[in-house]
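Notes for the structure review
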Amino acid sequence: MSDILITDDERDIRELISDILKDEGFDTRLAANSQECMDAIEEAPPALMILDIWLKDSRMDGIDILKVVKRDYPDIPIVIISGHGNIEIAVAAIKQGAYDFIEKPFNIDQLLVVIRRAMEISRLRRENTELKRGDAPPSEMLGDSAIFRALRNQLDKVTKSNGRVMLSGPPGCGKEIAARYIHANSNRASAPFVSVSSATIEPDRMEEVLFGRESPEKGLEKGLLEQANGGVIYFDEVTDMPLGTQSKILRVLVDQSFQRVGGSDKIKVDLRVISSTNRDLDQAIQEGRFRQELFYRLNVVPIAVPSLEERREDIPLLAEHFIAELNKTQGLPLRPLADDARALLQTMVWPGNVRQLKNVIERVLILGDGSGPISAKELPSLEETGAEEGRVVLSGGLATLPLREARELFEREYLLTQINRFGGNISRTASFVGMERSALHRKLKSLGVVTSSKGGGRVAHVQDDAVSAES
């Protein structure tokens, strides 16, 4: 859905309009009669139509075509042109859903103004539909850590292609934000982005939701694939898709066409497919829960989205972003983060990743009783454990160990957390923990802690042989 379909029985007119639009950067297709027009629409619905009222050697005139298109493709704006214009024809066309009526011979500047306005209204309608569905979160990517910059670099590389992308990562890490970033920076940015939540759609309704249906009672109902035509279809947690639907999606990817449930016509679509998963797809294939052929079709460009714990440097930036966003959308207090809150947020465990961080910030802003900086005392980790100020609550496992083993375990976990908090930077870690850099290196060596490259950044972890020696 990125071109303009021009239908006029006068060759000179349709080619003149086409040349003018191409000079302005638009893509065009041409049709000389009603059959060529309908065939072109069936092949791929256009972004906009320019349609002559009177068509020689055609079984349908412009008004007939207008009625059919507005019934089956209501979002396509149609500009009617005619050399036999009068007020009655113009009124009839507008009543049937035409965007505007222009009389031949037309003024080129007037035609371009009408076309640009129609294209803009079409774009706004799609955005409004997405907002009403509640599936249009921002596509802004926030972060400055090395591992995050490497992710954004990967995403930038795939924006200009139509290659299928498979995003992997734990729940809540921002896979859909990454998918929307690809869409927003691609040549399909003005076309729809449709998200399919594979886990929340009932298996027996999946095909109706995706492919749409035709019935005498309800008429034609478009599915999500048709709604995404020209743009991006995003399969969220694709491993939850029923096996029967997987085989049909595979066929859509091969043919770029499908049939609505209850229908017989082939519906052609132009789609870019982005998928995501938080599971091991190889294991799902081995267990027979995911089709290997579909995996090969979807996994053209695999991209791993890092967990929040892998990009601890970004936590203060994300937290401040959520504070500003919640202030704007919900009127919650616009409070800065105190230094102790920043440090604690960067050292907490985040199984729910970015989604959990946003929930924690929202909770603190709602329950907080001041407008000053958010302190560490207000964060749920301290409230929920019931810890007194100045005390550390030991886990059950740590409390059962002798002092020497407990101290070594604590030091290892503490230094792992701090190094990852500072993005693998040993100098910054040494400065924060109050050690000389050389002393810190010796301590890390004794604890079996090493750093290695991962996703463009440095990540601290325990050497395998150190773990084996303890077991």
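Placed above this text is the structure.
Residues numbered from 1 in each chain as written. Predicted model: local features only at pLDDT ≥ 70, side-chain atom pairs only at ≥ 80, totals over all residues. Heavy atoms only, no water.

This next bit is on the sheet that holds strand β1 (residues 3-7). Across the sheet, five strands lie side by side as β2-β1-β3-β4-β5; this open sheet has parallel pairing. The open sheet terminates on both sides in strands that have one partner only, identified here as β2 (27-31) and β5 (100-103). If you compare each strand with its neighbour and ignore which way they point, the axes differ by 20° on average. Bridging between strand β4 (residues 78-82) and β5 involves four bridges; their strand directions are parallel. Its bridge partner lying in β5, V79 is registered against D100. Contacts between helix α4 (residues 87-95) and the sheet are confined to β4 and β5, with β5 contributing the most and set at about 150° to the helix. (Pairing = 2+ DSSP bridges. Helix = DSSP H or I, 4+ residues; strand = E, 2+ residues; numbered from the N terminus. Axes fitted to C-alpha atoms, helices over the stretch in contact; angles between N-to-C directions. Contact = heavy atoms within 4.5 Å.)

With that settled, consider the packing of helix α13 (residues 315-330) against helix α14 (residues 339-347). Two elements in contact, α13 and α14, have axes separated by 9 Å at closest approach and are oriented at 115°. The angle between α13 and α14 falls in the class roughly perpendicular. In this structure, α13 crosses over α14, and the sense of that crossing is right-handed. The residues of α14 that touch α13, namely those facing I315, P316, A319 and E320, are R342, L345 and Q346. (Parallel < 35°, antiparallel > 145°, perpendicular 65-115°, else oblique. Left-handed = near helix turned anticlockwise from the far one by under 90°.)

In this section: the packing of aromatic side chains. The final tally for this structure, using the stated rule, is five aromatic pairs. Against the face of F432 rests R421, its NZ or CZ located 4.3 Å from the ring centre. (Phe/Tyr/Trp six-rings, centres within 6.5 Å; stacked < 30°, edge-to-face > 60°. Lys NZ or Arg CZ within 6 Å of the ring centre and 35° of its normal.)

Across the chain, the bulk of peptide bonds are trans and the bulk of non-glycine residues have phi less than zero. Cis geometry is found at the peptide bond from K104 to P105, where omega equals -10°. Locating P105 in the fold gives a position in the loop between β5 and α5 (108-133). The phi angle at D57 is positive, at roughly 55°, despite the residue not being glycine. Among the secondary structure elements, D57 is positioned in the loop between β3 (48-52) and α3 (62-72). Look at Q256: it is not a glycine, yet its phi comes out positive at around 55°. Secondary-structure assignment places Q256 in the loop between α10 (243-255) and β11 (257-259).

For the rest of this paragraph, the subject is the pattern of salt bridges. Close approach of charged atoms lets side chains of opposite charge pair. Under the criterion given, the structure shown has 26 salt bridges. Put simply, K248 and E207 hold a salt bridge, and the shortest N to O gap is 2.8 Å. Highlighted residues: K248 in helix α10 and E207 in helix α8 (residues 206-211), separated in sequence by 41 residues. Residues participating in the shared-partner salt-bridge network are D8, E10, D52 and K104. (Salt bridge = Lys/Arg side-chain N within 4 Å of Asp/Glu carboxyl O.)

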